[in-house]
Amino acid sequence: MKISMHAMSHDVFKKALTQLLHLMEKGFANAKARSFDPNVFVGLRLAPDMLPFSKQIQLVSDFAAKGCARLTHSEVPSTPDTEKTFDELKQRLAKTIDYVSSFKPAQFEGADARDVTFPAGPDRTITMKGQQFLSAFSFPNFYFHAATAHGILRHNGVEIGKRDFLGVA
């Protein structure tokens, strides 16, 4: 039995985004319990040369939303990175979940063999078949930034672990 591209992309993105929103809720509760402003998380990084928490959330949102749009040959959404607060980042995740949820299974039919063209820097594009785009580009980037956001929260005292990230806690 062949798994649908809808199940492979939409369902996976939606679950992981929902879990990331749950992790942020735990981060908010942790900050309140420890009497500090949750906005402190926004600028935190795992290492000086890594992107901050805010950019991790923005990128994970982009890889999910734009991944679904590209796979379905829908208009790719423009999402300026304007979030400055923890609450605004939670709102961005919630909006991304709503956007990803708007896609219907029929939109993904044939997406595995469909050409997907996407930017790879300022002056270059790459074209891959949909299945390759999802497995070799979209998912690795999505999960890298989701795991990094999890790592930033965990490194800074939020009591979360692998089970929270996977949604089986």
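Refer to the structure presented above.
In short, a report on the structure. (Residues numbered from 1 in each chain as written. Predicted model: local features only at pLDDT ≥ 70, side-chain atom pairs only at ≥ 80, totals over all residues. Heavy atoms only, no water.)

So, the overall build of the protein chain
Inference 1: Helices and strands together make up the secondary structure of the protein chain, namely 5 helices and 2 strands.
Inference 2: Starting at the N terminus and ending at the C terminus, the protein chain contains elements arranged as α-α-α-β-β-α-α.
Inference 3: Along the first, second and third principal axes, the C-alpha set of the protein chain runs to 50 × 40 × 25 Å.
Inference 4: With 169 residues in all, the protein chain has 43% of them scored as buried.
Inference 5: For the protein chain, long-range pairs separated by at least 24 residues make up 70% of all intrachain contacts whose partners lie at least 6 apart in sequence.
Inference 6: If you sum the accessible surface of the protein chain, you get close to 8,800 Å²; carbon and sulfur atoms cover 56% of it.
Inference 7: Counting 21 positive and 17 negative side-chain charges, the protein chain places the averaged centre of each group 4 Å from the other. (Helix = DSSP H or I, 4+ residues; strand = E, 2+ residues; numbered from the N terminus. Buried < 20%, exposed > 50% of the residue type's maximum accessible area, 1.4 Å probe, protein only. Contact = heavy atoms within 4.5 Å. Areas by Shrake-Rupley, 256 points an atom, 1.4 Å probe, with all protein chains shown as cover. Lys, Arg positive; Asp, Glu negative; His and termini not counted. Charge placed at Lys NZ, Arg CZ, Asp CG, Glu CD.)

Observations concerning empty space enclosed by the protein
Inference 1: Across all of its chains, the model carries 1 cavity of 30 Å³ or more by this definition.
Inference 2: By volume, the largest cavity is sized at about 40 Å³.
Inference 3: Residue lining of the largest cavity: Ala 16, Gln 19, Leu 20, Leu 23, Ala 146 and Phe 165, and that is the complete set.
Inference 4: Here the element with the most residues in the lining of the largest cavity is helix α1 (residues 5-33); it accounts for 4 residues.
Inference 5: Split into classes, the residues belonging to the lining of the largest cavity amount to 5 nonpolar, 1 polar and no charged. (1 Å grid on protein atoms, 1.4 Å probe; cavity = no way out; pocket = protein on both sides within 12 Å on 5 of 7 lines; lining within 4 Å. Points joined across faces, edges and corners; volume = space filled by probe spheres on them. Nonpolar A, V, L, I, M, F, W, Y, C, P; charged D, E, K, R; others polar.)

Things to note about the pairing of strand β1 (residues 115-119)
Inference 1: Where burial is concerned, the two faces of β1 differ: the one with Val 116 and Phe 118 is buried and the one with Asp 115, Thr 117 and Pro 119 is not.
Inference 2: Of the pairings in the sheet, the one linking β1 to strand β2 (residues 125-129) comprises 5 bridges and is antiparallel in character. Within β2, the position partnered with Val 116 by the bridge is Met 128.
Inference 3: Hairpin connection from β1 to β2: 5 residues lie between these consecutive antiparallel strands, with Gly 121 at a positive phi of about 110°. (Pairing = 2+ DSSP bridges.)

Some thoughts on the environment of Ala 31
Inference 1: Within the element layout of this structure, Ala 31 appears in helix α1.
Inference 2: With relative accessibility at 0%, the residue Ala 31 sits in the buried group.
Inference 3: Each C-alpha atom of the pair Ala 31 and Gly 157 lies 9.0 Å from the other, and the pair is 126 residues apart in sequence.
Inference 4: Leaving out residues up to four positions away in the same chain, Ala 31 has contacts with Phe 36, Asp 37, Pro 38 and Phe 41.

Examining the side chain of Thr 96
Inference 1: Relative to the elements of secondary structure, Thr 96 occurs in helix α3 (residues 86-101).
Inference 2: According to the relative accessible area criterion, Thr 96 is buried, its value standing at 7%.
Inference 3: One polar contact links Thr 96 to Ser 61, side chain to side chain, over a distance of 3.4 Å.
Inference 4: Apart from residues lying up to four places away in sequence, Thr 96 is in contact with Leu 17, Ser 61, Ala 64 and Ala 65. (Polar contact = N/O pair within 3.5 Å; in protein donor to acceptor, adjacent residues only side chain to side chain.)

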